[in-house]
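Summary of the model geometry
These are the residues of each chain, in order.
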Amino acid sequence: MVLRSDWSQRNCSMARGLDILGDPWSILVLREVFFGNGRFDAMKSRLAVADSVLTRRLAGLVESGLLEKKAYDDGGRVRQEYVLTPKGEDALPVLNAVVMWAEKHLPAPSDQAHMFVIHSGCGQRTSSADTCTGCGERLTAANTSWHSLTRTDAPVQLATAA
């Protein structure tokens with residue numbers, strides 16, 4: 001996805017990964033899809049983002065194979081929503097790591113501005129991006145919830161690949 005410098009052919013794995021996942025809007029779009037919010041208008045509203053920015057990020061994430069479009073009927077007309085692919089689902093530990101790093105190192109602007117990663121299997125909040133620190137089970141979208149205090153009073157089970 002070329003939004004600035006193209007790092008897709010760099011010799012460094014981190015640079016190639018950042019070529020796709022290094023844009024804040026792209027990470028926030030993935031957050032919305034993991035929350036089950038894959039419809040354009042709903043994402044636009046939640047992210048408070050311009051149509052052109054959201055359109056470019058969605059196109060890049062589809063082109064990169066992290067998301068795919070899925071048709072749905074919107075009361076008489078067919079529209080598209082965005083769903084995770086297995087490749088997109090594999091980005092979960094990256095998003096979990098960003099959340100955990102921010103919770104540990106950045107002050108929250110309010111008591112509600114927190115988000116936690118919960119292992120649904122044992123119900124414990126975890127401090128590892130890929131493994132539950134409560135029971136040791138590997139975290140996947142199927143067994144992980146996010147609890148965003150600004151979004152809901154209860155943890156939200158994550159969406160999985162289509």
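Scroll up to find the structure.
Now for a look at the structure at hand. Because the structure is a prediction, the values reported are computed rather than measured. (Residues numbered from 1 in each chain as written. Predicted model: local features only at pLDDT ≥ 70, side-chain atom pairs only at ≥ 80, totals over all residues. Heavy atoms only, no water.)

So, on to the sheet that holds strand β5 (residues 144-148). The four strands lie next to each other as β4-β3-β5-β6, forming an open sheet whose pairing is antiparallel. Across the chains shown, the open sheet's two edge strands, defined by having one partner strand only, are β4 (124-125) and β6 (156-157). The pairing of strand β3 (residues 115-119) with β4 spans two bridges and is classified as antiparallel. The residue of β4 that forms the bridge with Ile118 is Arg125. (Pairing = 2+ DSSP bridges. Helix = DSSP H or I, 4+ residues; strand = E, 2+ residues; numbered from the N terminus.)

Further remarks concern the side chain of Asn96. Of note, Asn96 is situated in helix α6 (residues 92-105). At a separation of 2.8 Å, a polar atom in the side chain of Asn96 contacts the side chain of Trp146. Contacts of Asn96, omitting those with residues within four sequence positions, involve Val117, Ala129, Leu139 and Trp146. (Polar contact = N/O pair within 3.5 Å; in protein donor to acceptor, adjacent residues only side chain to side chain. Contact = heavy atoms within 4.5 Å.)

With that settled, consider the pattern of salt bridges. Evaluated as defined, the whole model comprises seven salt bridges. Its salt-bridge partner being Arg31, residue Glu32 comes within 2.8 Å of it at the nearest N-O pair. Of the charged contacts in the structure, one is a salt bridge between Arg151 and Glu32, with a shortest N-O distance of 2.3 Å. Taken as a pair, Arg151 in the loop between β5 and β6 and Glu32 in helix α2 (residues 24-34) lie far apart in primary sequence, 119 residues in all. (Salt bridge = Lys/Arg side-chain N within 4 Å of Asp/Glu carboxyl O.)

So, about the packing of helix α3 (residues 40-47) against helix α4 (residues 51-63). Between two packed helices, the angle of one axis relative to the other and the distance separating the axes together describe the packing. Orientation of α3 relative to α4, taken along the N-to-C sense of each, is 120 degrees, at an axis distance of 11 Å. For the element pair α3 / α4, the angle class is oblique. In this structure, α3 meets α4 at a crossing whose hand is right-handed. Contacts from Phe40, Met43, Lys44 and Leu47 in α3 reach Asp51, Leu54, Thr55 and Leu58 in α4. Its residues placed into classes, the contact of α3 with α4 shows five nonpolar, one polar and two charged. (Axes fitted to C-alpha atoms, helices over the stretch in contact; angles between N-to-C directions. Parallel < 35°, antiparallel > 145°, perpendicular 65-115°, else oblique. Left-handed = near helix turned anticlockwise from the far one by under 90°. Nonpolar A, V, L, I, M, F, W, Y, C, P; charged D, E, K, R; others polar.)

Another point: helix α1 (residues 13-21). Those residues of α1 that fall on the buried side of the exposure criterion are Ala15, Asp19 and Ile20. With its buried residues spanning 140 degrees around the axis, α1 presents them on a single face. Across from the buried face of α1, at angles greater than 90 degrees, the exposed residues are Ser13 and Met14. Buried positions along α1 lie against α2. (Buried < 20%, exposed > 50% of the residue type's maximum accessible area, 1.4 Å probe, protein only. Arc of directions from axis to C-beta.)

Looking now at the layout of surface pockets. Roughly 560 Å³ of volume is contained in the largest pocket. Together, 23 residues line the largest pocket, and Arg31, Val99, Ala102, Glu103 and Met115 are the ones closest to its centre. Among the elements that line the lining of the largest pocket, the one with the most residues is α6, at five residues. Residue composition of the lining of the largest pocket, by class: 14 nonpolar, four polar and five charged. (1 Å grid on protein atoms, 1.4 Å probe; cavity = no way out; pocket = protein on both sides within 12 Å on 5 of 7 lines; lining within 4 Å. Points joined across faces, edges and corners; volume = space filled by probe spheres on them.)

Right, let's get into the state of the cysteines. Evaluated as defined, the whole model comprises zero disulfides. Here Cys135 stays free of any disulfide, with the sulfur of Cys132 as its closest cysteine sulfur at 3.8 Å. What makes Cys135 partly exposed here is its relative accessible area of 43%. (Disulfide = S-S within 2.5 Å.)

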